[in-house]
Amino acid sequence: MKLSCLLLLLLGTPMAYAQDDLGALQAQWAICEYQVPAKQQSDCLEKLSVAADRIGNQDHARVDILIWAAIVKSSWAGSKGGLGALGLVKDAKQKLELALRLNPEALSGSAYTSLGALYYQVPGWPIGFGDDKQAEQLLKKGLAINPDGIDANFFYGDFLLDQKRKDEARLYLNKALHAPARPGRELADRGRRQEIKQRLLKLQ
C-alpha cells in the first residue's frame, strides 16, 4: 500500500482494502510505537486502531487483520494508561480470543503471544483480568508454534523477568535478541531489539 493510501485510511476516507493492508498496519504501528514523539503516540495509535477495526469489518475472514487490530489497540492502551485503558485491553482480549477460535496458528501463533502478554501486563481482579498462570500458558503456546520468533521469545522473557525468574528470562531474551530478521519489519525489529537490550540491562 502506498503511503498516500495509508494516510487516506488513517484519516477515515473510504477506500478499497487490499491484501497488503497487513503490511501497512504493521509498518504504521512501528512508526507510532518507535518513531512518533511520546506526546503524540496515543493519538497516532488511536487513529491506527480505528483504521484497523475498519479494515477488519470489511472482511471478517481476515484473522491476520483481527490479530493486528488487537495488537494496535493493546499498544494504544499502553500509551494511554490509567483506568481509561481497561476498555481497550478488554476489546483487544476479545479480538484475540476470537482469532484463536478461528485460526490459532495464524501469524505464527501471534494471538497466543499477544493474549499472553495482556494477561501479565493487565492488573488482576478486581480491576482487570490479569492472571500470571494464564499468561504463561498462552506464552508457551505461542513459543511452541514460533520457537525462534523475536516477539514470542521477548514476551516470554519479559514475563519471566517480571516474575523474577532471572536465569530463565536471560535465556529467552538473548534468544529474542538473536532472532532472525523479519523482511519488511526492519523498524519493528530495531525497536524490539532496543527493548530487549533494556531488559537485559536489568539482569546485570
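From a predicted model like this one, the values you see are computed outputs, not experimental measurements. (Residues numbered from 1 in each chain as written. Predicted model: local features only at pLDDT ≥ 70, side-chain atom pairs only at ≥ 80, totals over all residues. Heavy atoms only, no water.)

**Remarks on the state of the cysteines**
Where two cysteines share a covalent bond between their sulfur atoms, that bond is called a disulfide. Evaluated as defined, the whole model comprises one disulfide. A disulfide bridge connects Cys-32 with Cys-44, and the sulfur atoms are separated by 1.9 Å. Across the S-S bond linking Cys-32 and Cys-44, the dihedral sits near -65°, which makes this disulfide left-handed. Linking Cys-32 in helix 2 (residues 21–34) with Cys-44 in helix 3 (residues 38–58), this pair joins segments that are twelve residues apart in sequence. Each member of the pair, Cys-32 as well as Cys-44, carries the same accessibility label: buried. (Disulfide = S-S within 2.5 Å. Helix = DSSP H or I, 4+ residues; strand = E, 2+ residues; numbered from the N terminus. Buried < 20%, exposed > 50% of the residue type's maximum accessible area, 1.4 Å probe, protein only.)

**Things to note about the confidence of the model for the chain**
For the chain, per-residue confidence averages 91 on the pLDDT scale, and residues scoring 70 or more make up 91% of the total. Within the model, the stretch residues 1–19 combines pLDDT values under 50 with 26 contacts to residues more than four positions away or in other chains. (pLDDT = per-residue confidence, 0-100. Contact = heavy atoms within 4.5 Å.)

**Some details on the pattern of salt bridges**
Scanning all chains against the criterion turns up 16 salt bridges. The partner of Lys-93 in a salt bridge is Glu-97, with the nearest N and O atoms 2.8 Å apart. Separated by four residues within a single helix, Lys-93 and Glu-97 lie in helix 5 (residues 86–102), roughly one turn from each other. For Glu-97, a relative accessible area of 24% corresponds to the partly exposed category. One salt-bridge network, held together by shared partners, links Asp-151, Arg-182, Asp-189, Arg-192 and Glu-195. (Salt bridge = Lys/Arg side-chain N within 4 Å of Asp/Glu carboxyl O.)

**A word on unusual backbone geometry**
Pro-126 follows Trp-125 through a cis peptide bond whose omega is 10°. Its place among the elements puts Pro-126 in the loop between helix 6 (110–121) and helix 7 (132–145). The residue Ser-108 is not glycine, and still its phi comes out positive at about 55°. Topologically, Ser-108 is positioned in the loop between helix 5 and helix 6. In this structure, Lys-164 takes a positive phi of about 65° despite not being glycine. By the element assignment, Lys-164 lies in the loop between helix 8 (150–162) and helix 9 (166–177). Lys-164 sits in the exposed class, given a relative accessible area of 68%.

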